[in-house]
Amino acid sequence: MAGLATTFGSGAMTNSISEIEQADVIIVSGSNTTEAHPQIARRIIDAVDGSAGLIVIDPRKTDISKFASVHLQIRPGTDIPLLNCIMRIILDENLVDDVFIEMRTENYVVLRDMLYRLDLDETAAETGVSLEKIRRAAKLFGRAHKGVFCYCLGITQHICGTDNVRSIANLAMLTGNVEKQDTGVDPLRGQNNVQGACDMGALPNVFPGYQGVADPTAREKFSRAWKSELSDKPGLTLLDMTHKSRENGLHAMFIMGENPMLSDPVQDKVKETFDSLEFLAVADIFLTETARCAHVVFPAASFAEKSGTFTNSERRVQHVRQAIEPIGDSRTDSEIITDLSAGMGYAMAYDNPAEIMEEIAMLTPLYGGMHHDRLNENWGLQWPCPDRNHPGTPYLHKHSFTRGKGLFQPASHQEPGEPPDEQYPFKLMTGRVYHHYHTGAMTRASHLLSRECPRALLEINPEDADRLGVRDGEYVTLSTRRGNITICTKITDRVQPGMLYTSFHFHEAPVNKLTIGSVDPTAKCPEYKICAARLERIQS
């Protein structure tokens, strides 16, 4: 969000999911789309079947890369040099959209001058991809009338994640692939309601609708509506809470639907934090690793046991209808929050989800026309939807960017927070697999899904396996400077020599015990995607 918010003024998918199928060329970067977003992947593959070009940027040979016109198998963490190289070639080939740049953007000269200073051979060498292949991709995207750029956590979970996103925005603006239908920049959300959570203010510095806590007008509006004096100080980011609770004066936490004991980096630090708290409460549908650390656990209702809304990647607010009664003592999130709030001295009075939705429409201009009775229209409404008569917005920035003019922001390569060395010679990357979701709290409770994918697998290139004498299916010790785990190997050329890859779904092989706590300085997102690692056979 931080990267797109500064370049476009809005940190969300600019077009609709259905528009992907109409694109001439699609770039997929940092996304194992067929496994993490299979419905988006289906749209991309349909587009390719209809003659669209596909450029995949990924260090691994993912399934989506099999459909690519060009697969740019970069060295991990070299997205910025690659994108700069692509933009320089587009400049050299006169494929920029001069009219769009002149009318709709600012700071272009700074980007252009930086690109002209590049040595293309040196920049391509940084990425590990041949300049010839990069040139093919640049011309393919530069010549497209309708181009779409899809990306996911492989772009954002780096110490330069915000600059990675800004570079994507630069490329989209350079080629005029933002302002019109069937084009755009598409951050693929990692979970089904991440967009909705952000929209509703689940960020440290904003109220619902991205209205800043430091903005006196916004603060007065919410203070008046909620009958409480609200602070102008931003809250804490993720690792400021789970890694630095003592320094930041935290004594208690309430965690809902999150499992930091598996999902956060440097898990020993997280455990230390939770053990030091005076009080920890957790609300979840299963007794997760985090819930086991809690003093109090609230049993929460699942999606099928409550009504409300989900907001997906394309900004579509969709009505969720209760299918069954809550099981056992479980309760809906809103009931838990309102009762807890009342117990702490602040009463909330909502009789049903419709009343909550009406308050959202009243206080949040992006949702201003999304009254509860409209949510069944056209499978939901896409924000911005400012009033009751507005049909919703399929694609953003039609007449102007949210910030006025799009801002070009040049970026330069940054080395990972922990590059490999003699002691830890491998680059360890993490991601997801098709059959499991996040920390496996739900999917690993399914016998069928666990049958299909019963354990974590560590992908290692055949060259490295031969050198180390490692066999396929052998359990090995995987170590970083944070600790070690035991994990089963999978020998495959999906990863390049010197690279290792595994998933983070399994508590038996908790890979985030090993990942690094370095963060992007702007978004404060941890660098999950690269750390230095060592692999050793287990001596019998």
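Residues numbered from 1 in each chain as written. Predicted model: local features only at pLDDT ≥ 70, side-chain atom pairs only at ≥ 80, totals over all residues. Heavy atoms only, no water.

1. Concerning the side chain of Ser223
Locating Ser223 in the fold gives a position in helix α12 (residues 216–226). Looking at Ser223, its side chain comes within polar contact range of the main-chain oxygen of Arg219, at 2.8 Å. Within the structure, Ser223 has its side chain in polar contact with the backbone nitrogen of Leu230 (distance 3.3 Å). Sequence-distant contacts of Ser223, that is, excluding residues within four places in its chain, are made with Ser228, Glu229 and Leu230. (Helix = DSSP H or I, 4+ residues; strand = E, 2+ residues; numbered from the N terminus. Polar contact = N/O pair within 3.5 Å; in protein donor to acceptor, adjacent residues only side chain to side chain. Contact = heavy atoms within 4.5 Å.)

2. Focus on the pairing of strand β20 (residues 499–503)
Buried residues dominate β20, accounting for five of its five residues. What you see with β20 is no split at all: Met499, Tyr501 and Ser503 on one side and Leu500 and Thr502 on the other are buried throughout. Alignment of strand β16 (residues 426–431) against β20, held across five bridges, turns out to be parallel. Across the sheet, Leu428 pairs through a bridge with Leu500, a residue of β20. Here strand β17 (residues 457–460) runs beside β20; their pairing, made up of two bridges, is antiparallel. (Buried < 20%, exposed > 50% of the residue type's maximum accessible area, 1.4 Å probe, protein only. Pairing = 2+ DSSP bridges.)

3. Remarks on the packing of aromatic side chains
Summed over all chains, the structure comprises eight aromatic pairs. Judged by centre distance (6.3 Å) and plane angle (50°), the ring pair of Tyr210 and Trp383 falls under tilted. In this pair, Tyr210 is assigned in the loop between β7 (206–207) and β8 (211–212) and Trp383 in the loop between β14 (381–382) and β15 (406–407), connecting sequence segments 173 residues apart. For Trp383, a relative accessible area of 3% translates into the label buried. In this structure, Arg60 packs its charged tip against the face of Tyr501, placed 3.6 Å from the ring centre. Between the NZ or CZ atom of Arg315 and the centre of the ring of Trp383, over which it lies, the distance is 5.8 Å. (Phe/Tyr/Trp six-rings, centres within 6.5 Å; stacked < 30°, edge-to-face > 60°. Lys NZ or Arg CZ within 6 Å of the ring centre and 35° of its normal.)

4. Regarding empty space enclosed by the protein
The method is simple in principle: a probe with the dimensions of a water molecule rolls over the atoms, and the space it marks as empty is what remains. Under the criterion given, the structure shown has one cavity of 30 Å³ or more. The calculated volume of the largest cavity comes to roughly 360 Å³. For the largest cavity, the lining is made up of 26 residues, of which Gly30, Asp58, Gly154, Thr430 and Lys529 are closest to its centre. If you tally residues by element for the lining of the largest cavity, the top one is β16, at three residues. In terms of residue class, the lining of the largest cavity is built from ten nonpolar, eleven polar and five charged. (1 Å grid on protein atoms, 1.4 Å probe; cavity = no way out; pocket = protein on both sides within 12 Å on 5 of 7 lines; lining within 4 Å. Points joined across faces, edges and corners; volume = space filled by probe spheres on them. Nonpolar A, V, L, I, M, F, W, Y, C, P; charged D, E, K, R; others polar.)

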